[in-house]
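Here are the chains, one letter per residue:
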Amino acid sequence: MMRARVLGAGVAGLCVAAELVGQGCNVTVFDPVPRPGPHGCSWWAGGMLAPFCESETAEEPVVRLGQEAAGWWERQGVAVTRQGTLVLTLGRDRRELDRFGRRVAGHQSLDAKGLAALEPDLDGRFDRALHIPGEAHLDPRAALAHLRTRLESAGVAFVAEQGRPEGLTFDCRGMAARDRLPDLRGVKGEMAVLRSADLRLNRPVRLLHPRYPLYVVPRADGLFMLGATQIESDDRKRSVRSVLELLSAAYALHPAFGEAELVEIGADARPAFPDNLPRLSRQGDTIHVNGLFRHGFLLAPALARMAVEAACDRTRPEFWHED
Amino acid sequence: MQLYGSEISSRLMLGTAQYPSPSVLAEAFRRSGAGIATVSVRREAGGERAGAAFWDLVRDLGVTLLPNTAGCHSVREAVTTAQMARELFDTSWIKLEVIGHADTLQPDPFGLVEAARILTDDGFKVFPYTTEDVVLADRLLDAGCEVLMPWGAPIGTGLGLTNIYGLRTLRAQFPDVPMVVDAGLGLPSQAAMAQEMGFDAVLLNTAVAKSGDPAAMAEGFARAVEAGRLAYQADPMEPRDMAAPSTPVIGKAFLS
């Protein structure tokens, strides 16, 4: 049986481990904290599986490979909600919706009635919206926990150590791999979690705004994750300005958020290469899987599949990067 | 074009914010030949050098860097940010923004003059982001600014030159001061128009960064700037109200 090491137990590492188990490998995962938690940037993710919306700024491979994600997570037994994405603007930014519609495939235009049918709690607040039905979302923390448990039952060992490359190794350490991948940079994202008993959303909502974009992802138990900030910085400080922006935008989306409980504020730096696309690369027997940027849950399944194929078949897949 | 004694080859300047990725940003610079890149320090700085990786990518563009004080709402903030920028980028050039209105991002003319004076006294070469107001321009020149950056329209609106009369007046009042039309441009034709009016350069960011193909849009702006400059130098004809035939009409049945 082929043996492999995975360094890093974030979303990339766990997806690679799952693909390796699928190939019948004997897998050991190393991470100083080998369970999902606030030390890893996947913990702070939104969990939107929204390849079409991302095409507003991301390049074609993100759209194509991102479409594998929802099915992959479902096959792992993770609860995936396939209700699409809703895109809205405030009154004076209406033309942002036209621009978004021109750039993003697979959407339907909704009038106020169509919007109310999908999201009754937004009835009367917006007269136009876009719905992208082919998209989905999941709860990232639940997904990571589920995947880890599943891997453990499949015989994967989790070791609470940094771990060194030895034999076939998949380095999925994100920003911690900067020592080996000097092109990596951190792009800071900040998020907040609110709890509201007064509001119910069935699907992620994106509020387009030229300066303060926002997405709101509903989770179980009345929780809502707010995110969207993107700052060229690798610090992990939670800034007042970002929280003000997120909360103001949420309040503009629905005043019920003004009465919500502020459960959590988080920030982390997402690993990205200069083209903001992920990269696979080989150094000796080590294959690096990194640079997932804001597309961890969306692209990790495809990247993991490609990385494991590259190892088993010595192929040179897409995103293969030679120094 | 001379700005504070430095020869700048391109009349197009680009901002570095909001691009889909640093690679797309680099491609936009490559295809446009833009000679100056503005870079924001405030949001990323966080008191440390947390934005260093991005700044390295901007330095790699190989163009002259013009750090800015974007997002500063007070004189003190702007002055502190300028001092930080001088250390980070080892340049005394600073694009001075003092925002007076959070929603429209309109400049605060009073704070702008005060900050410009403090910074020029401190040895900075100040590029003030200003309105087309002639009196304000005069005060900024008094404060030691040698370049002016009047807006075309509020930041990020893409409305183009909203007060053509005001901009013409400003240009005519200070014919020898280098002027860069900054902010509010959305289309290359608007940049060409600024050049035709005799402005020395244009600076834009959102119009390129938020377009569907930033590199192509950057090149479009570069060509428009070149076209507008050529037209300005060629001494355009004066418009007239009546059509003037360019070939003699004698002998033609023009009255039939």
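First things first, this report covers the structure right here in the doc. None of these values were measured; they are calculated from a predicted model. (Residues numbered from 1 in each chain as written. Chains lettered and ligands numbered in written order. Predicted model: local features only at pLDDT ≥ 70, side-chain atom pairs only at ≥ 80, totals over all residues. Heavy atoms only, no water.)

Turning to the overall build of chain A, a few remarks are in order. Helix and strand content of chain A: nine helices and 17 strands. Once the C-alpha set of chain A is aligned to its principal axes, its extents read approximately 60 × 35 × 35 Å. Split into buried and exposed, the 323 residues of chain A put 59% on the buried side. Looking at chain A alone, contacts between residues at least 24 apart form 76% of all its contacts between residues at least 6 apart. With an accessible surface of roughly 13200 Å², chain A has 48% of that area assigned to carbon and sulfur atoms. In chain A, 41 side chains carry a positive charge and 42 a negative one; their mean positions are 1 Å apart. (Helix = DSSP H or I, 4+ residues; strand = E, 2+ residues; numbered from the N terminus. Buried < 20%, exposed > 50% of the residue type's maximum accessible area, 1.4 Å probe, protein only. Contact = heavy atoms within 4.5 Å. Areas by Shrake-Rupley, 256 points an atom, 1.4 Å probe, with all protein chains shown as cover. Lys, Arg positive; Asp, Glu negative; His and termini not counted. Charge placed at Lys NZ, Arg CZ, Asp CG, Glu CD.)

This next bit is on the side chain of Arg-148 of chain A. Tracing the sequence through the fold places Arg-148 of chain A in helix α7 (residues 140–153). Once residues within four sequence positions are removed from consideration, Arg-148 of chain A is found in contact with Leu-14, Pro-34, Arg-35, Pro-36 and Phe-158 of chain A.

Turning to helix α8 (residues 240–253) of chain A, a few remarks are in order. Residue and element names in this part refer to chain A. Compared with an ideal rise of 1.5 Å per residue, which puts 14 residues at 20 Å, α8 spans 20 Å between its outermost C-alpha atoms and is within 8% of the ideal. Three or more residues of α8 are buried, namely Ser-242, Val-243, Glu-245, Leu-246, Ala-249, Ala-250 and Leu-253. In an axial view of α8, the angular spread of the buried residues amounts to 160 degrees, which keeps them on one side of the axis. Within α8, the exposed residues directed more than 90 degrees away from the buried face are Val-240, Leu-244 and Tyr-251. (Expected span 1.5 Å × (residues − 1). Arc of directions from axis to C-beta.)

Quick look at helix α8 (residues 188–196) of chain B now. Residues and elements named next belong to chain B. Listed in full, the buried residues belonging to α8 are Pro-188, Gln-190, Ala-191, Ala-192, Ala-194 and Gln-195. Where the residues of α8 are buried, they touch β9 (180–182), β10 (201–204) and α10 (214–233). Positive phi appears at Gly-198, one or two residues downstream of α8, with a value of about 95 degrees.

Right, let's get into the nonpolar core. Looking at soluble globular proteins, one finds that nonpolar side chains tend to be buried together. Formed by 76 residues in total, the largest nonpolar core has its most connected members in Leu-3, Leu-12, Leu-14, Leu-96, Val-126, Val-202 and Leu-204 of chain B. Examining the composition of this core, we find that seven residues originate from one element, helix α4 (residues 75–89) of chain B, more than from any other. Contacts of Val-126 of chain B, omitting those with residues within four sequence positions, involve Tyr-4, Ile-94, Leu-96, Ala-116, Leu-119, Thr-120, Cys-145, Glu-146 and Val-147 of chain B. Counting residues in hydrophobic clusters, the runner-up holds 55 residues, among them Ala-58, Ala-143, Leu-144 and Leu-298 of chain A. (Core = buried A, V, L, I, M, F, W, Y, C linked by side-chain atoms within 4.5 Å.)

Turning to unusual backbone geometry, a few remarks are in order. Phi is positive for Phe-319 of chain A, close to 70 degrees, though the residue is something other than glycine. Along the chain, the position of Phe-319 of chain A falls in the segment after α9 (296–313). Note on Phe-319 of chain A: relative accessible area 14%, which makes it buried. Although it is not a glycine, Gln-18 of chain B adopts a positive phi angle of roughly 70 degrees. Examined against the element boundaries, Gln-18 of chain B turns out to sit in the loop between β3 (12–15) and α1 (22–32).

The next subject is the interface of chain A and chain B. On the side of chain B, 23 residues touch chain A, which itself brings 23 residues to the contact. Note on chain A versus chain B: buried area summed over both sides is about 1800 Å², and carbon and sulfur give 44% of it. Sorting the residues of chain A by area buried against chain B places Arg-211, Glu-232 and Arg-241 of chain A first, and these three jointly supply 28% of that buried surface. Summed over the shared surface of chain A and chain B, the result is four residue pairs in polar contact (both at pLDDT 80 or more). Of all the elements in the fold, those that place two or more residues in the side of chain A that touches chain B are α5 (94–103), β11 (185–195) and α8 of chain A. The residue makeup of the side of chain A that touches chain B, split by class, is three nonpolar, five polar and 15 charged. (Buried area = accessible area lost by both parts, 1.4 Å probe. Polar contact = N/O pair within 3.5 Å; in protein donor to acceptor, adjacent residues only side chain to side chain. Nonpolar A, V, L, I, M, F, W, Y, C, P; charged D, E, K, R; others polar.)

Let's shift gears to the side chain of Gln-190 of chain B. Relative to the helices and strands, Gln-190 of chain B is located in helix α8. Apart from residues lying up to four places away in sequence, Gln-190 of chain B is in contact with Gly-158, Leu-159, Gly-160, Leu-161, Gly-184 and Leu-185 of chain B.

Residue and element names in this part refer to chain A. Spatial ordering of the open sheet is given by β3-β8-β4, a layout of three strands whose pairing is antiparallel. Edge positions in the open sheet fall to β3 (48–49) and β4 (80–81), since each of these has one partner strand only. Bridge analysis of β3 against strand β8 (residues 136–138) gives two bridges, and the strand direction is antiparallel. The residue bridging Met-48 from the neighbouring strand is His-137, located in β8. (Pairing = 2+ DSSP bridges.)

Residues and elements named next belong to chain A. Here we have eight strands laid out as an open sheet, ordered β6-β7-β5-β12-β13-β14-β11-β15, and mixed in their pairing. Whereas interior strands pair on both sides, the edge strands pair on one side only; in this sheet they are β6 (108–111) and β15 (261–272). Across the sheet, the mean angle from the axis of one strand to that of its neighbour is 25 degrees, orientation sign disregarded. Bridging between strand β13 (residues 214–218) and strand β14 (residues 223–227) involves four bridges; their strand directions are antiparallel. When the sheet's bridge partners are listed, Val-217 is paired in β14 with Met-225. On top of the sheet, α8 reaches β5 (85–89), β11, β12 (205–208), β13, β14 and β15; it is set at about 45 degrees to β11, its chief contact. (Axes fitted to C-alpha atoms, helices over the stretch in contact; angles between N-to-C directions.)

Moving on to the state of the cysteines. Residues and elements named next belong to chain A. All chains considered together, the criterion is met by zero disulfides over all chains. Its sulfur unpaired, Cys-15 is 9.1 Å from the next cysteine sulfur, which belongs to Cys-172. The exposure class assigned to Cys-15 is buried, which follows from its relative accessible area of 0%. (Disulfide = S-S within 2.5 Å.)

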